[in-house]
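These are the residues of each chain, in order.
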Amino acid sequence: MSGRVSGIARVDSRQASQRSKIKVRREEVWSRVRRVRHHAAALTISVHARAHFWALSVLFTSALPARAERLALESEGPDRYEIRAESRTYLELYQRALLPGPGGMLVVTDTLAPIHEYVGLRVYGLDLPNRRDALDVELSGWARYDLADIDRADRLDGDLTSANIRLDFDWLGLKAGRQLAAGGAAGYSRFDGVSVALELGHGLGLQTYAGLVVIQPAARRRGYFLLGSAADSLRTNLFFEEESRAGSWLAGARLNYRLGSRFGGALAYHHQQRGGELDRSRLAAEANAGLGTLVECAGRAAFEVDARALADARVFCDLSPEPSLDLTAEALHTEPALLLSRQSVLGVFSTDGFDELGGRAVHRLLPGLVLEGSAYLARHGGGELGSRSGLSAKLRPEGTDRLLVSLGYSRVIALQNGYHALRAALRRRLWQSLTGTLEGYFYSYDQAIRGSQNSIVCASTLHSELGSGFGVLLGGSVTSSPYARLDAQTLLRVSYDLAKVEK
Amino acid sequence: MSVGERFVPVLGLAFGALLACIEEPPVRFPHAVHLADQQCQTKGPEACLSCGSCHQSSSSNTREMSLPKPELCSSCHKDSGVAISSQKSAQTQFDFSSTIRFSHQRHLAMPELLGQCVPCHAGVAYATGGASPFPPMEKCFECHEHKSQWDSGRCAPCHDRKDIERVLPVTFLQHDSAFLRKHGALARSQEKVCAQCHTQSDCDDCHDLTQRLRVERRLPEELERNFVHRGDPLASHSIEARAGSASCMRCHDTASCDDCHLERGVSANRRLAESPHPPGWMGSFAGGSNFHGNAARRDIVSCAACHDQGPATNCIECHKPGAYGGNPHPGGWQSARAQDDAMCRYCHEP
């Protein structure tokens, strides 16, 4: 069972005193700058410093009239900020027997009934005394509690995923608190710290960040997912040592350039320490260039500084020779060992690279029919080849989202095994506010997995918007796979969206 | 006949039947006939029409300006008024006006426009189908104020946040089929714009592996979103990881892999764990195509998913200096770290 509550409250208030301050701000700013210049000239400072001050003051005051004009324009109309709160609750009930289990040990079937709660709070556009819509606040987290009687030391688990405030001053942005450094050199890193974003003008931007690494729950205590008392089955108790945040920090910077929406590039560096030792030190570069809406090419590369070697490089081009056809060509080279943490012993082992070349096409054949195909050829070290390819079709017979039918086929050939997969999906609006989905998967493996050659998954949902912001979803799935002769699950979700109610 | 062999023909027949049901798109209202092809300015009942003849607004309600009332059509088309109004309603699928905070009256009063509709709605008169008649957002940037708002990533002056979160971008940051590949780079360079609709929680939905309930289970009705772990990931993930471990490493690290393998008894840190390795993998009779060294060179990440426990990594036992496993480093290998680094000391005892 799950419930979702989200809401937006918009606050409009007329602050006549603040508007009147804004109206005269232009005159106040100019007079203030004149006073500062007068005082600065009276001080004994070096010629170089004085020239630097005048350059800064000219730069600053030249931006002020534009800013005052913008403030004067924005002063027309009420102040407003938005508050949005979300709560989603999921209740699961299922049984699980962990296979294969240590040799000779009885496999125990556990009953699990975890309840998950996801919460989020966001406030947009709070005003500062001298700045409108300058402050945003974001908070989000999740918690899980196991309701069923299981042999586990701690049933309660959770994480604060974000908790930050963001200050926006046009050319300067500050964010403080728990936040993300994502993509490029950083990977996906959560930290408690500060990030600064500067718009340097002429398309240049600089972002920097630094802070303490947030240890993921799984890494806070290795063996996180263990059920029951399995300590005696481990070779080492390393997995029960809690990882300390001391000495785990990260820092990085990114310089990017944009010329319109079609040209750009960036250079980034990310350094991360874990327990006082190097975890990652990576330099990344990106570039993209487009020619109208016809062609756009991009590439990115990541260089592992510690190993002094290229870890990952890829280029791709998107072409649209006609409005109904999108084509993509991609090439990739990876050194898998360099993607591991520098604390990993296996990260310094000798490995071969991995290359992949392929492409994708999307053709909107008819107004209600979209065809998609892809094919990638991989070359592993030692000359072994692999591939992954797929075909799919999405059909909207009525031209709207009332009915959607999707069929897909994919083929993956990897080292030592591969599979064929079929997917069929259907979504139909049954009544005004009732929508149903039906989805099926079929896998056929080249080599049997645990003695089984196939997997079959069937899932369906019924979703209804009940009005006044309420919604209900009932879902279920049945699976037969190498790891479960029969796996049946159900899901009930109740949602409430305050955004739909005007206030 | 296997399930798959039965599955495919039935699906194919059903799909073919559905293809026959594809409806033609609604016909665009013939603006050219009404605006340019009229025999007006001569004696007779027909008067010259302009945009304002049908698109009238007595308030700042944009919806009224976009959709003329059916009674206006009946004033000329006296015999077929009902049919015309039903045609008009078919075009409402292109109505984005309710998602924009916009005042026609205020804009028409501006000296730059002088009451003219064509500067923004150019091409509407002769459009016969396809794209929406509403001007693209790029048209709004011809005005300095809106351009500066866009540059500073502020959508809220024109768009209600709760509305834009429901509408996919069309002319900028287009969420098309290639967007999944490009969205990371765009989010890094245009974070302010993305933040108008998305929060960190939205990124976490797909990328945060600490969330115990994966997104495919939280949003089972989202059939069109390209979630990575659809279907039966438990059985297929080992094949997909070997097909391209780089994509796995964008979200996962080997610690998260080993935690699950530990739970299920296949990790190297589990006593009496079931070994997935074939004969000849290692030991006295190791060699040939099944030798672990070949597999490790090809796919070290898969090894690390079970054999990456820091100083307890069992590879150290054979590959430390003096042991019979030999030097594991690649030729020309170098590191900026000294041998007394903690990780180096696992093998290189001082």
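Placed above this text is the structure.
This report concerns the structure included in the present document. Every residue gets a number counted from 1 within its own chain, in the order that chain's sequence is written. Naming scheme: in the order in which they are written, chains are lettered from A and ligands are numbered from 1. The predicted origin of the model limits local features to residues at a pLDDT of at least 70 and limits the giving and counting of side-chain atom pairs to 80 or more, whereas totals for whole chains, interfaces and linings rest on all residues. Only hydrogens and water are set aside; all other atoms, that is, all heavy atoms of the structure, feed into the side-chain values.

## Considering unusual backbone geometry
Residues and elements named next belong to chain A. Phi at arginine 308 takes a positive value of approximately 55°, unusual for a residue other than glycine. Each helix corresponds to a stretch of at least 4 residues labelled H or I by DSSP, and each strand to a stretch of at least 2 residues labelled E; elements are numbered beginning at the N terminus. Here arginine 308 shows up in the loop between strand E14 (295-304) and strand E15 (309-322). Residue classification places arginine 308 among the partly exposed positions, given a relative accessible area of 43%. Whether a residue is buried, partly exposed or exposed follows from its accessible area with a 1.4 Å probe, protein chains only, as a fraction of its type maximum: under 20%, in between, or over 50%, in that order.

## A few points about the state of the cysteines
Residues and elements named next belong to chain A. Criterion for a disulfide: a pair of cysteine sulfur atoms within 2.5 Å. Throughout the structure, instances matching the rule amount to one disulfide over all chains. The disulfide partner of cysteine 297 is cysteine 317, and the gap between their sulfur atoms is 2.0 Å. Because the torsion about its S-S bond is 105°, the bridge between cysteine 297 and cysteine 317 counts as right-handed. Taken as a pair, cysteine 297 in strand E14 and cysteine 317 in strand E15 lie far apart in primary sequence, 20 residues in all.

## Structural notes on the pattern of salt bridges
Side-chain pairs of opposite charge can arise where the charged atoms are in close proximity. Any carboxyl oxygen of Asp or Glu within 4 Å of a side-chain nitrogen of Lys or Arg constitutes a salt bridge here. Applying the stated criterion to the full structure yields 27 salt bridges over all chains. For arginine 314 of chain A, the salt bridge is made with aspartate 312 of chain A, and the minimal N-O distance between the two is 3.3 Å. A residue is classified by how much of its surface remains accessible, and arginine 314 of chain A, at 12% relative accessible area, is buried. With a shortest N-O distance of 4.0 Å, arginine 379 of chain A and aspartate 355 of chain A are connected by a salt bridge. In this pair, arginine 379 of chain A sits in strand E18 (residues 369-379) while aspartate 355 of chain A sits in strand E17 (residues 354-366), placing the two residues 24 residues apart along the sequence. Judged by relative accessible area, arginine 379 of chain A falls into the partly exposed class, the value being 44%. Within the structure, one salt-bridge network assembled from shared partners comprises Asp159, Arg178, Arg190, Asp192 and Arg245 of chain A together with Asp204 and Asp208 of chain B.

## As for the interface of chain A and chain B
Opposite the 154 residues of chain A that make contact, chain B presents 113 residues. Overall, the association of chain A and chain B removes approximately 12,200 Å² of surface from exposure, summing both partners, and the carbon and sulfur fraction of that is 55%. Our enumeration of links across chain A and chain B arrives at eight salt bridges. Note that aspartate 208 of chain B and arginine 190 of chain A form a salt bridge whose closest N and O atoms lie 3.3 Å from each other. With nine residues, strand E21 (residues 417-429) of chain A is the single largest residue contributor to the side of chain A that touches chain B. Residue classes in the side of chain A that touches chain B are distributed as 66 nonpolar, 34 polar and 54 charged. What makes two residues a contact is simply this: any of their non-hydrogen atoms within 4.5 Å. Each of two parts loses accessible area, computed with a 1.4 Å probe, when they are put together; buried area is these two losses added. Classification used: nonpolar for Ala, Val, Leu, Ile, Met, Phe, Trp, Tyr, Cys and Pro, charged for Asp, Glu, Lys and Arg, polar for all others including Gly.

## Section: the environment of leucine 91 of chain A
The residue leucine 91 of chain A is located in strand E2 (residues 79-91) in this model. Spatially, the C-alpha atoms of leucine 91 of chain A and alanine 311 of chain A are 42 Å apart, while their sequence positions differ by 220 residues.

## Some points on the nonpolar core
Take the buried residues of types Ala, Val, Leu, Ile, Met, Phe, Trp, Tyr and Cys, join any two whose side-chain atoms come within 4.5 Å, and each joined set is a nonpolar core. Counting 21 residues, the largest nonpolar core has Leu340, Leu346 and Phe349 of chain A together with Ile300 of chain B as its most contacted members. For this core, the elements supplying multiple residues, two or more each, are helix H16 (245-249) and helix H19 (300-304) of chain B. At four residues, H19 of chain B tops the list of elements feeding residues into this core. Look past the residues within four positions of leucine 346 of chain A in its chain and what remains in contact with it is Ala337 and Leu340 of chain A together with Ile300, Cys303, Ala304, His307 and Cys315 of chain B.

## Things to note about the packing of aromatic side chains
Side-chain rings of Phe, Tyr and Trp, where Trp is taken by its six-membered ring, are said to pair if the distance between their centres is within 6.5 Å; with planes under 30 degrees apart they count as stacked, over 60 as edge-to-face, and otherwise as tilted. Taken as a whole and judged by the stated rule, the model has five aromatic pairs over all chains. Judged by centre distance (5.4 Å) and plane angle (70°), the ring pair of tyrosine 419 of chain A and tyrosine 443 of chain A falls under edge-to-face. Taken together, the residues span a long stretch of sequence, with tyrosine 419 of chain A in strand E21 and tyrosine 443 of chain A in strand E22 (residues 434-449) at a distance of 24 residues. Tyrosine 419 of chain A gets classed as buried once you look at its relative accessible area, which sits at 5%. Of the residues examined, tyrosine 443 of chain A reaches a relative accessible area of 5% and is grouped as buried. Consider the rings of tyrosine 443 of chain A and tyrosine 445 of chain A, whose centres lie 6.1 Å apart with planes at 10°: the pair is stacked. Judged by relative accessible area, which is 1%, tyrosine 445 of chain A ranks as buried. Following the ring pairs from residue to residue traces out a cluster consisting of Tyr419, Tyr443 and Tyr445 of chain A. Criterion for a charge above a ring: Arg CZ or Lys NZ at most 6 Å from the ring centre, at most 35 degrees from the ring normal. Positioned above the aromatic ring of tyrosine 376 of chain A, the side-chain terminus of arginine 388 of chain A is 4.4 Å from the ring centre. Just above the ring of tyrosine 118 of chain A sits the side chain of arginine 218 of chain B; from NZ or CZ to the centre is 4.9 Å.

All we've got here are geometric facts, nothing functional implied.
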